[in-house]
Amino acid sequence: MTPQTSQNKILIIGADGYVGTQMYATLGPTRSIATYFLEEVAGGRYFNAMTMNLSDVIDLSDDVSHAVILYGNTKPDSCAANPEAAYAVNVVSIKTVVDWLNSVGITPVFTSTESVFDGEKGNYTEEDCPNPLHPYGLQKIEVEDYIEKNCNRYIIARLGRVFGSTPGDGTLLDQFVSSIHAKETIYCA
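Here the structure is a predicted model, which is why all the values come from computation and not from measurement.

1. Some details on the overall build of the protein
For step 1, the next point in the chain: For the protein, the count of helices and strands is five helices and six strands.
For step 2, the next point in the chain: Starting at the N terminus and walking to the C terminus, you meet the elements of the protein as β-α-β-β-β-α-α-β-α-β-α.
For step 3, the next point in the chain: Within the span of the protein, comprising 189 residues, buried residues form 36% of the whole.
For step 4, the next point in the chain: Here the contacts in the protein between residues at least 6 apart in sequence split such that 57% fall between residues at least 24 apart.

Put into structure tokens, the structure is as follows:
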């Protein structure tokens, strides 16, 4: 008889956002652990990164190998309007989470953004030098740099604008439709 081996789980920090919801639905509770803040996730664990430590909801017996960091203020206009509040969640709290993950041997998977670039060149690669133009991009690059300097193992994934096709999903196309119905001006490049 072959001994059973435990399968490491993926921690999804911010499973109540669009990407986190999709990831948790794909992996399920047998292969992942979900945390949420604003909207309860069935089987998930409440986590407020501003007032709690990750160790309050995760312990080493959970057998987590990687943690995908998906929470934060991801709206560039909101970050520009209130940079201090955005910095507290997007930089200070994430550095605290990364430090704990690193201390217990969990590999952080940081979701950054293409907004770390200025948009002048396009078709960016990992070798291109970041040049963020607004607080959101500056915050993301600060965390990227911190992770690179302080973690032996890590993954940084720079996402572009995420969108879905389900009405009410709150992503780009849904926001456009809502703005059209409300007769609002849509600003885009």
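2. Description of the nonpolar core
For step 1, the next point in the chain: If you look at the biggest cluster of nonpolar residues, it comprises 24 residues, and the most contacted ones within it are Leu 11, Ile 13, Leu 54, Ile 69, Tyr 71, Val 97 and Leu 101.
For step 2, the next point in the chain: Broken down by secondary-structure element, the contributors of at least two residues to this core are strand 1 (9-13), strand 4 (64-69), helix 3 (83-103) and helix 4 (135-150).
For step 3, the next point in the chain: Take this core: its biggest share by element is seven residues, from helix 3.
For step 4, the next point in the chain: Once you skip the residues sitting within four places of it in the chain, Leu 54 turns out to touch Leu 11, Ile 13, Phe 47, Val 97, Trp 100 and Leu 101.
For step 5, the next point in the chain: By size, the runner-up hydrophobic cluster in this structure holds 10 residues, among which are Leu 27, Val 68, Leu 70 and Val 109.

3. Describing helix 4
For step 1, the next point in the chain: Taking 1.5 Å per residue, 16 residues should reach 22 Å; helix 4 reaches 22 Å between its end C-alpha atoms and fits that length.
For step 2, the next point in the chain: Buried within helix 4 are the following residues: Tyr 136, Gly 137, Gln 139, Lys 140, Ile 141, Val 143, Glu 144 and Ile 147.
For step 3, the next point in the chain: The elements touched by buried residues of helix 4 are helix 2 (76-81), helix 3, strand 5 (107-113) and strand 6 (155-159).

4. Concerning the pairing of strand 1
For step 1, the next point in the chain: Here five bridges tie strand 1 to strand 4, and the two strands are oriented parallel to one another. Directly across from Ile 13, in strand 4, lies its bridge partner Ile 69.
For step 2, the next point in the chain: Judged from the four bridges that link them, strand 1 and strand 2 (residues 32-36) form a sheet pairing that is parallel. The residue of strand 2 that forms the bridge with Ile 12 is Ala 34.
For step 3, the next point in the chain: Since strand 1 and strand 2 lie parallel, the crossover through helix 1 (residues 18-27) that links them has a hand, and here it is right-handed.

5. Quick word on the pattern of salt bridges
For step 1, the next point in the chain: Tallied over the full model, the rule gives four salt bridges.
For step 2, the next point in the chain: A salt bridge links Glu 142 to Lys 95; the shortest N-O distance between them is 2.9 Å. Here Lys 95 lies in helix 3 and Glu 142 lies in helix 4, a separation of 47 residues in the sequence.
For step 3, the next point in the chain: Of the charged contacts, one joins Glu 144 and Arg 158 as a salt bridge, the two residues approaching to 2.5 Å between their closest N and O atoms. Of this pair, Glu 144 sits in helix 4 while Arg 158 sits in strand 6, and the two are 14 residues apart along the sequence.
For step 4, the next point in the chain: Using a relative accessible area of 2% as the deciding quantity, one classes Glu 144 as buried.
For step 5, the next point in the chain: Looking at Arg 158, the relative accessible area reads 31%, which means it is partly exposed.

6. A closer look at the packing of helix 3 against helix 4
For step 1, the next point in the chain: Their axes nearest at 10 Å, the elements helix 3 and helix 4 cross at an angle of 15°. Between helix 3 and helix 4, the angle falls in the class roughly parallel. Handedness of the crossing formed by helix 3 with helix 4: right-handed. The segment helix 3 lies against helix 4, with Pro 83, Ala 86, Tyr 87, Asn 90, Val 91, Ile 94, Lys 95, Val 98, Asp 99 and Asn 102 engaging Tyr 136, Gln 139, Glu 142, Val 143, Tyr 146, Ile 147 and Asn 150.
For step 2, the next point in the chain: A breakdown of the residues in the contact of helix 3 with helix 4 according to their chemical character gives 10 nonpolar, four polar and three charged.

Definitions and limits used
Residues numbered from 1 in each chain as written. Predicted model: local features only at pLDDT ≥ 70, side-chain atom pairs only at ≥ 80, totals over all residues. Heavy atoms only, no water. Helix = DSSP H or I, 4+ residues; strand = E, 2+ residues; numbered from the N terminus. Buried < 20%, exposed > 50% of the residue type's maximum accessible area, 1.4 Å probe, protein only. Contact = heavy atoms within 4.5 Å. Core = buried A, V, L, I, M, F, W, Y, C linked by side-chain atoms within 4.5 Å. Expected span 1.5 Å × (residues − 1). Pairing = 2+ DSSP bridges. Right-handed = clockwise from strand over helix to strand, strands pointing away. Salt bridge = Lys/Arg side-chain N within 4 Å of Asp/Glu carboxyl O. Axes fitted to C-alpha atoms, helices over the stretch in contact; angles between N-to-C directions. Parallel < 35°, antiparallel > 145°, perpendicular 65-115°, else oblique. Left-handed = near helix turned anticlockwise from the far one by under 90°. Nonpolar A, V, L, I, M, F, W, Y, C, P; charged D, E, K, R; others polar.

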